[in-house]
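If you want the building blocks of each chain, they are given just below.
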Amino acid sequence: GINAEYGHGEFQGIYIKVNGVHRDNGEQVYMQVNLNVEIQEGNVLVNNQMLPFAALKTMEVQAQISEIRDGTVGEFEGAAVRVNFYLHEQTESSQDEVARTFKLETQIVETDKYDVHMFNVTEVVMDLDSSSMEIKRTVTLISESESKLVAARECPVNNCPALLGCAAYKRDQNGCKTCECGVGASSPVPRPHGSECLHTCAGVCGEDPFVRVSDPVQDEYGCWICPCVFLDVAPTPTLTSCYEGYRDYAENII
């Protein structure tokens with residue numbers, strides 16, 4: 001279950017009830033975790049830590065935890081809690097007074113004493129007016145199938161080639177990194193105008209053992225730029241063949 005609590009006319013605290021297992025004795029526990037979620041200058045902070053937009057963020061925060069026994073919440077104590085967060089912005093609203101809407105998805109992973117089994121995702125919806133003041137907050141549970149947090153947690157690993165003039169890659173709607181450039185940066189080594197578009201660096205620097213390709217990159221057209229550098233010494237040959245040859249020679253002598 002999940003609830004929200006507000007105090008002093010502001011939207012701040014939320015408390016989440018989850019099931020867990022005590023690591024030491026394996027005891028099943030039902031507990032409540034309190035987190036402080038607030039907005040400052042257009043940024044969302046959880047326990048005074050600012051969250052990025054449209055990216056999965058796993059943080060360890062200090063929270064208040066209490067075991068619940070026979071329906072009664074016990075005394076709270078401080079604990080380190082590992083939590084997955086995913087913050088995104090809803091761009092459309094049917095309410096005139098709402099200028100922006102933030103959606104914060106939260107899933108507790110573990111605490112310093114308990115492994116937590118949380119099969120749903122907590123969604124905190126925060127409506128802001130034109131002055132970035134929060135005017136409404138709704139806290140609900142959503143399924144993992146409709147969660148952007150879970151989709152971002154399962155992002156594929158993209159081993160993207162280095163792109164010349166690219167400072168950061170774009171992310172898709174789930175916050176997963178793509179191989180498309182999102183933020184450009186000036187580059188001191190542009191591809192010469194009219195030069196051939198290379199699709200590989202193989203053989204570019206010839207067969208000279210003192211010359212090799214250094215830090216190849218792709219430009220915005222997908223063409224490889226293959227700088228050749230001269231080495232002070234040729235690459236060290238492997239000693240295996242020398243040893244094998246010496247062993248054969250020694251056996252013949254014997």
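Below, the structure is looked at part by part.

1. Quick notes on the pairing of strand β8 (residues 77-90)
Step number 1: By the bridge criterion, 10 bridges tie strand β6 (residues 56-69) to β8 in an arrangement that is antiparallel. Considered in β8, the bridge of E60 is made with R82.
Step number 2: Relative to strand β9 (residues 100-111), β8 runs antiparallel, the two sharing 10 bridges. Looking at β9, one finds that N84 is bridged to Q107.

2. As for the pattern of salt bridges
Step number 1: For the coordinates displayed, the defined rule picks out eight salt bridges.
Step number 2: Among the ionic pairs, E27 bridges to R69, the shortest N-O distance being 3.2 Å. Separated by 42 residues along the polypeptide, E27 in the loop between β2 (10-22) and β3 (28-40) and R69 in strand β6 bring together distant segments of the chain.
Step number 3: You can call E27 partly exposed: its relative accessible area is 30%.
Step number 4: In this structure, E180 engages K170 in a salt bridge whose closest nitrogen and oxygen atoms are separated by 3.0 Å. Placement of E180 in strand β14 (residues 177-184) and of K170 in strand β13 (residues 166-171) is noted, with a sequence separation of 10 residues between them.
Step number 5: Looking at E180, the relative accessible area reads 45%, which means it is partly exposed.
Step number 6: Residues participating in the shared-partner salt-bridge network are R23, E110 and D115.

3. Here we look at the state of the cysteines
Step number 1: Enumeration according to the criterion identifies three disulfides in this entry.
Step number 2: In this model, C197 is linked to C223 through a disulfide, with the two sulfur atoms separated by 1.9 Å. Because the torsion about its S-S bond is -100°, the bridge between C197 and C223 counts as left-handed. With C197 in the loop between β14 and β15 (211-213) and C223 in the loop between β16 (217-218) and β17 (224-225), the pair connects residues that are 26 residues apart, well separated along the chain.

4. With respect to the environment of E105
Step number 1: Tracing the sequence through the fold places E105 in strand β9.
Step number 2: For E105 and V121, which are 16 residues apart along the polypeptide, the C-alpha to C-alpha distance reads 6.4 Å.
Step number 3: With sequence-adjacent residues up to four places away left out, E105 is seen in contact with N84, F85, Y86, H88, V121, T122, E123, I142, S147, K148 and L149.
Step number 4: Among the polar contacts listed, one links the side chain of E105 to the side chain of S147, at a separation of 2.6 Å.

5. With respect to unusual backbone geometry
Step number 1: We note that A54 has phi near 55°; this positive angle belongs to a residue other than glycine.
Step number 2: You can see A54 is positioned in the loop between β5 (49-50) and β6.

6. Some words on the environment of N47
Step number 1: Within the element layout of this structure, N47 appears in the loop between β4 (43-46) and β5.
Step number 2: For N47, a relative accessible area of 18% translates into the label buried.
Step number 3: Distance in space between the C-alpha atoms of N47 and V61 is 6.8 Å, their sequence separation being 14 residues.
Step number 4: Apart from the residues within four sequence positions on either side, N47 is in contact with L35, N36, V61, Q62 and A63.
Step number 5: Polar contacts involving the side chain of N47 include one to the main-chain amide nitrogen of N36, which spans 2.8 Å.
Step number 6: Reaching out from N47, the side chain makes a polar contact with the backbone oxygen of Q62 at a distance of 2.4 Å.

7. A closer look at the nonpolar core
Step number 1: By size, the foremost hydrophobic cluster in this structure holds 31 residues, and its most contacted members are V44, L104, I108 and M126.
Step number 2: Going through the elements one at a time, β2, β3, β4, β6, β8, β9, β10 (114-117) and β11 (120-128) are the ones with two or more residues in this core.
Step number 3: Of all hydrophobic cores here, the second largest spans six residues; its members include V121, I142, L149 and A152.

Scoring rules and cut-offs
Residues numbered from 1 in each chain as written. Predicted model: local features only at pLDDT ≥ 70, side-chain atom pairs only at ≥ 80, totals over all residues. Heavy atoms only, no water. Pairing = 2+ DSSP bridges. Helix = DSSP H or I, 4+ residues; strand = E, 2+ residues; numbered from the N terminus. Salt bridge = Lys/Arg side-chain N within 4 Å of Asp/Glu carboxyl O. Buried < 20%, exposed > 50% of the residue type's maximum accessible area, 1.4 Å probe, protein only. Disulfide = S-S within 2.5 Å. Contact = heavy atoms within 4.5 Å. Polar contact = N/O pair within 3.5 Å; in protein donor to acceptor, adjacent residues only side chain to side chain. Core = buried A, V, L, I, M, F, W, Y, C linked by side-chain atoms within 4.5 Å.

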